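As a plain string of letters, each chain reads:
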Amino acid sequence: MKKKYLPIFTLLILLLSISDAFSQIRYRRTQPGQQNNLDEVTYTDPKEYEIAGITVTGSESLNSNALISLSGLEVGDKIKVPGTEISSAISKLWKQGIIGDISINASKIEGDRIYLEIKLTDLPRITKFYFDGINSSQESEISDKLKLRGRVATDALLNSTKLTVQKHFVDKGFMNTEVDVQKVKDTLLANSIAIKIVVDRNDKVKIRRINLDGNEVFSDKKLKSKLKKTHEKVRFTLVQDLFSRLFNFNFNKAKNFVTEKEKVNLEDYIHEHVKLNFFNGSKFIASEFEADKKKLIDFYNSKGYRDAIIVSDSVYKSGKDKIDINIEVEEGNRYYFRDILWTGNYVYSNDQLSRVLGIQKGDVYDLENLNKRLNYNPAGADISSLYMDNGYLFFNITPVEVRTDNDSIDVEMRIYEGEEATISDIIIKGNDRTNDHVIRREIRTLPGQKFSRELLIRTQRELSQLGYFDPEQIGMNPIPNMADGTVDIEYTLVEKPSDQVELSGGWGGYYGFVGTLGLVFNNFSVKNIPHFDKWRPLPVGDGQKLALRMQANGPRFQSYSATFSEPWLGGKKPNNFSVSLSHTVQRNIGFSSRASKDDAYSSMQVTNATVGLGRRVKWPDDYFTVTNALSYRLYDIFTEAGTGSYYESIFGFANGRSNSVTLNTTIARNSIDNPMFPRGGSSVSLEVNLTPPYSLFNGIDYKNVDDGEKFKWVEYHKWMFDAKFYSKLADKLVLETRAHFGFIGSYGTSINTPFERFTMGGSGLAGQQFIVAQDIIGLRGYEDNTLPRNNAGTSDRTLGGIAYNKFVMELRYLVSPNPSATIYVLGFAEGGNTVTDYAEYNPFNLYKSAGIGARIFMPAFGLLGIDWGYGFDTLPGDTQRSGPQFHFTIGQQLR
């Protein structure tokens, strides 16, 4: 029967094809006087013509030549009319998906020559698109992926849009997301449409249970802990325990009459009706599940089970918005290292390589540990660094299992050492503001030297420490040339704004409103000042620093400062030359809460000048710097005749000048990897300030002179120690631990300087207190400058302490590494104290606090922060503990 009807079906298909071809040729009469042979074309008598010309009409946006080429028709081709060539051309154009309607007309026939017209209409273009069912932040996330504006609204594009939106939400755990893409006519522009994307995310799909099978060596709990992103938060045992405690129901006694199916249903009932919503399972994301399966096998491999595999896994619905996951594993046998053989090594002996590898016969066969010891070991040395730090850039090592005997494996380390690579050229790209010489002087990989991976990584750190480039985008690309044994190193940099503007105001305390204006130019260039063509918008590029700052509150308080530093004095060595000038005026005028009527007018002026020179040293290692500075500071105290003096109660004299000449020496070691958000390294410094011991040689009996004469030349020795350590717990999670100590003493027992002492409390900023002759130490959870206090509870903060210590632990999480707005949040615990008498000093007698905070670094404004701290202790004289306090910070707090 089928063969009988086959000729009929074939004939019908042939007739339909011919009819389709006929329908595509349209005819028109010519005007009088024109040659007209169109009537020669008949359906029953196809004729062969030569294509004399092809024109395209109806499209304003598509290229005519491209369309003709896509059709397959060319001038000079011979076609039959009617015939299959026309229908084939239409089919080819239609398949492109960019055309709304197509027809091919015979516009003229001259003998055996035919002129064709391809007439078409464009598909509408998308002028805009919008969403329905999601919020604005979700819209912005998806819009960057779509890029629909101006594109032709093809069916393929609309389907792709639907899948992209769906995948976006599926990746976030909304596996039941429904998306409908609708065309909306745009009435403002012809042949254009808008796209409305309707999204219904539905509820997130949660993992109710993960079922493991085949595991005998490790428990379910152990293996589930290795699934970092795919985990169940509800376990039936927890529900059992809670349900038993709440309703006195014993599941163990009931196990004989509760089937597995009934147990699952009972668990669902508990979730839905007892409202244990906080036990709901975590969201399911397919890509994270795939990654977690690999981590599961990596865990088995790290324990010696190198043959471990996942036999099967399945994900299936167990409710409207719940899924269950089944994972079946095959653990295999546990293996151990036996003999480790070395081949191809000539530079280092077998014993040297074995010591660096650190794997002994009988150790568990851990592939992850083996790869770390061979290629990159963050906790110590590895084989690759041993070679690559000594110039062997082309080095390669391949571990090969050469023998397996029961549970033991022999591994042969096949080494290709290659030749030593010499650095040929250094290429720098991306520095459009910073001059090349500023970058080159920080580079440790120099032309003519052996290649060193260690120095390559060190260079990355040095460039990030400059603060001119985004540390997350510093690229290092060795370009080897094996033919001549050389390597070029290309550094790619992304400049970021480094200048800062501080514009702020505050109200409170004695001064009332205090305004601050500060400008910091971190990449300044003195030599470009007269060259206006090099201003961008200021003279920049030489790595110098210029800082200007002013604070004022009319006549009551004024402070001005200017600092300039050149990090490479002379341009040949990293000798940091700095000079700074500052002047501060503080006046007590009239009656206030801090001054009595007798303090009608008194003032204190402090003028300071400092010159410093620091240099890098190579011992004990080249992370050390030594800085020496010489400072002169003048304290000028004035009190109007006939009035009392606020300053006399602090310094012991109402009128007079005190001079301070100080030699400062700072020994510091800084190995942190990123100044904005360190993930590793440490910063340790010891700072010593010494004045000349005038009392030992001037012959003055200080017991019988007034304070004005006693402190005419200030003498003291001051010691400050600061240490910061950073430990990376995860990629964006870092633990910072800090310790700070400060001590000030005198050369003679009768001279205790009232200047340069310590006050503690609050954010560590100056605030509105008496601050012109003190070091301010922060202590979150307590009010600004509330320590030290004497045993009677009276605040000694105006005088300050002579010894302090402070300990801090801070857990930081990086929210945004964007250099234009680096953001991290933190949790902290800290304790500190300062005393006015060494007899009272006890480093463990601390005022403790804890809290949370956030920091944002914006290049234009520097580091801004807010903390909420809770003070756990009661200060002397207070009746209750300090309790909660908010603190605002500006700039990087040193202590």
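Everything that follows concerns the structure shown earlier in this document.
Read on for an overview of the structure. Remember, it's a predicted structure, so these values are computed and weren't measured experimentally. (Residues numbered from 1 in each chain as written. Predicted model: local features only at pLDDT ≥ 70, side-chain atom pairs only at ≥ 80, totals over all residues. Heavy atoms only, no water.)

## Let's talk about the overall build of the protein chain
When helices and strands are tallied, the protein chain shows 17 helices and 34 strands. Classification of the 895 residues of the protein chain by burial places 42% in the buried group. Sequence separation of 24 or more characterises 62% of the internal contacts of the protein chain that already satisfy a separation of 6 or more. (Helix = DSSP H or I, 4+ residues; strand = E, 2+ residues; numbered from the N terminus. Buried < 20%, exposed > 50% of the residue type's maximum accessible area, 1.4 Å probe, protein only. Contact = heavy atoms within 4.5 Å.)

## As for empty space enclosed by the protein
For the coordinates displayed, the defined rule picks out five cavities of 30 Å³ or more. Taken as a whole, the second largest cavity holds about 80 Å³ of empty space. Asp-470, Pro-471, Glu-472, Lys-496, Asn-674, Met-676, Phe-677, Leu-814, Pro-817, Pro-819 and Thr-822 together form the lining of the second largest cavity. (1 Å grid on protein atoms, 1.4 Å probe; cavity = no way out; pocket = protein on both sides within 12 Å on 5 of 7 lines; lining within 4 Å. Points joined across faces, edges and corners; volume = space filled by probe spheres on them.)

## Section: the nonpolar core
Judged by nonpolar contacts, the single largest core of 24 residues is most densely connected at Met-604, Phe-651 and Phe-755. Among the nonpolar cores identified, the runner-up in size contains 23 residues, and Ile-90, Ile-99, Ala-106 and Ile-109 belong to it. (Core = buried A, V, L, I, M, F, W, Y, C linked by side-chain atoms within 4.5 Å.)

## Remarks on helix H4 (residues 136-146)
What H4 keeps buried is the set Gln-138, Ile-142 and Leu-146. Each buried residue of H4 lies within a common arc of 70 degrees when the element is viewed along its axis, so the set occupies one face. Turned more than 90 degrees away from the buried face of H4, the exposed residues are Ser-136 and Asp-144. One or two steps after H4, the chain reaches Lys-147, where phi turns positive at roughly 55 degrees. (Arc of directions from axis to C-beta.)

## Examining the sheet that holds strand S9 (residues 309-319)
Strands sit in the order S8-S10-S9 across an open sheet of three strands; the sheet is mixed. On the outer flanks of this sheet lie strand S8 (206-213) and S9, each paired with one strand and no other. Ignoring strand direction, the axes of neighbouring strands in this sheet form an average angle of 15 degrees. Sheet topology note: the S9/strand S10 (residues 322-330) ladder contains nine bridges and is antiparallel. Residue pairing in the sheet places Gly-319 in a bridge with Lys-322 of S10. Its contacts with the sheet put helix H10 (residues 286-302) on S9 and S10, and the angle it makes with S9 is roughly 140 degrees. (Pairing = 2+ DSSP bridges. Axes fitted to C-alpha atoms, helices over the stretch in contact; angles between N-to-C directions.)

## Structural notes on the layout of surface pockets
Approximately 1,500 Å³ is the volume attributed to the second largest pocket. Together, 42 residues line the second largest pocket, and Glu-454, Ile-457, Arg-458, Arg-461 and Tyr-623 are the ones closest to its centre. Elements that contribute at least two residues to the lining of the second largest pocket include exactly helix H15 (453-466) and strand S22 (601-617). A total of eight residues in the lining of the second largest pocket trace back to one element, the largest contributor, which is H15. Broken down by class, the residue content of the lining of the second largest pocket amounts to 15 nonpolar, nine polar and 18 charged. (Nonpolar A, V, L, I, M, F, W, Y, C, P; charged D, E, K, R; others polar.)

## Quick look at the packing of aromatic side chains
For the structure on display, the rule yields 25 aromatic pairs. Look at Phe-218 and Tyr-300: their rings are 5.4 Å apart centre to centre, the planes differ by 75 degrees, and that puts the pair in the edge-to-face class. Of this pair, Phe-218 sits in the loop between S8 and helix H6 (220-224) while Tyr-300 is found in helix H10, placing the two residues 82 residues apart along the sequence. In this pair, the class of Phe-218 matches that of Tyr-300, namely buried. Taking 6.4 Å as the distance between ring centres and 45 degrees as the angle between the ring planes, the aromatic pair formed by Phe-721 and Phe-741 counts as tilted. Taken together, the residues Phe-721 in strand S26 (residues 717-728) and Phe-741 in strand S27 (residues 733-745) connect sequence positions 20 residues apart. (Phe/Tyr/Trp six-rings, centres within 6.5 Å; stacked < 30°, edge-to-face > 60°.)

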